Amino acid sequence: MAQPFKRSLYFLLGLCGLISLICSIAASQVTNAALMKEGFLRFSQTGHLGVLPSAYGDYAWAITQYLDGKTDGLQIVQHDDGRTYAD
């Protein structure tokens, strides 16, 4: 009777490990500034907001630092006017 229980337990532990691995892989993709900048360059349409594509790297870095838990909030400095934008 204990054998089927152990097999079920091992299966569930393996499944939990697989799910945590998938979540870890997804989280590493979200906190990758280079991938985020590439996504901005490919899909963003920010011309009407006054955000130039040259600033995408700063935005990507700030967002990934925030998502990775390295900063308490988003803070981005606009280089053309020196103002700081925060969340």
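Described below are features of the structure shown in this document. What you are looking at is a predicted structure, and each value in this text was computed from that prediction instead of being measured. (Residues numbered from 1 in each chain as written. Predicted model: local features only at pLDDT ≥ 70, side-chain atom pairs only at ≥ 80, totals over all residues. Heavy atoms only, no water.)

## Points about a nonpolar patch on the surface
On the surface, F11, L12, L15, L18, I19, L21, I22 and I25 cluster together into a nonpolar patch covering about 770 Å² of accessible area. Among the residues examined, L18 registers a relative accessible area of 45% and is labelled partly exposed. (Patch = residues over 30% accessible without salt bridge, like charges linked within 9 Å, V, L, I, M, F, W, Y side chains within 5 Å. Areas by Shrake-Rupley, 256 points an atom, 1.4 Å probe, with all protein chains shown as cover. Salt bridge = Lys/Arg side-chain N within 4 Å of Asp/Glu carboxyl O. Buried < 20%, exposed > 50% of the residue type's maximum accessible area, 1.4 Å probe, protein only.)

## Looking at the nonpolar core
Among the nonpolar cores identified, the biggest contains 6 residues, and these are V51, A55, Y56, Y59, A62 and I76. Top element by residues in this core is helix α3 (residues 56-67). It accounts for 3 residues. With near-sequence residues (within four places) excluded, A62 lies in contact with L74, Q75 and I76. (Core = buried A, V, L, I, M, F, W, Y, C linked by side-chain atoms within 4.5 Å. Helix = DSSP H or I, 4+ residues; strand = E, 2+ residues; numbered from the N terminus. Contact = heavy atoms within 4.5 Å.)

## Observations regarding the environment of V30
Along the chain, V30 turns up in helix α1 (residues 2-30). Here the alpha-carbon distance between V30 and L67, two residues 37 residues apart in the chain, equals 7.7 Å. Apart from the residues within four sequence positions on either side, V30 is in contact with M36, T64 and L67.

## Looking at the pattern of salt bridges
Using the criterion set out here, one finds 1 salt bridge in the structure. For K70, the salt bridge goes to D68, with nearest N and O atoms at 3.3 Å.

## Focus: the packing of helix α2 (residues 33-43) against α3
It is at 8 Å that the axes of α2 and α3 come closest, and there the two elements cross at 135 degrees. Relative to α3, the element α2 lies oblique. Note that α2 runs across α3; the crossing there is right-handed. Residues A33, M36, K37, F40 and L41 of α2 form the contact with α3, whose participating residues are Y56, G57, Y59, A60, W61, I63, T64 and L67. (Axes fitted to C-alpha atoms, helices over the stretch in contact; angles between N-to-C directions. Parallel < 35°, antiparallel > 145°, perpendicular 65-115°, else oblique. Left-handed = near helix turned anticlockwise from the far one by under 90°.)

## Looking at the side chain of T64
Within the secondary structure, T64 is located in helix α3. Looking at T64, its side chain comes within polar contact range of the main-chain oxygen of W61, at 3.0 Å. Residues in contact with T64, not counting those within four places in the same chain, are V30, T31, N32, A33 and M36. (Polar contact = N/O pair within 3.5 Å; in protein donor to acceptor, adjacent residues only side chain to side chain.)

## Brief notes about the side chain of Q65
Topologically, Q65 is positioned in helix α3. Given the relative accessible area of 16%, Q65 is considered buried. Beyond its immediate sequence surroundings of up to four residues, Q65 is in contact with K70 and T71.

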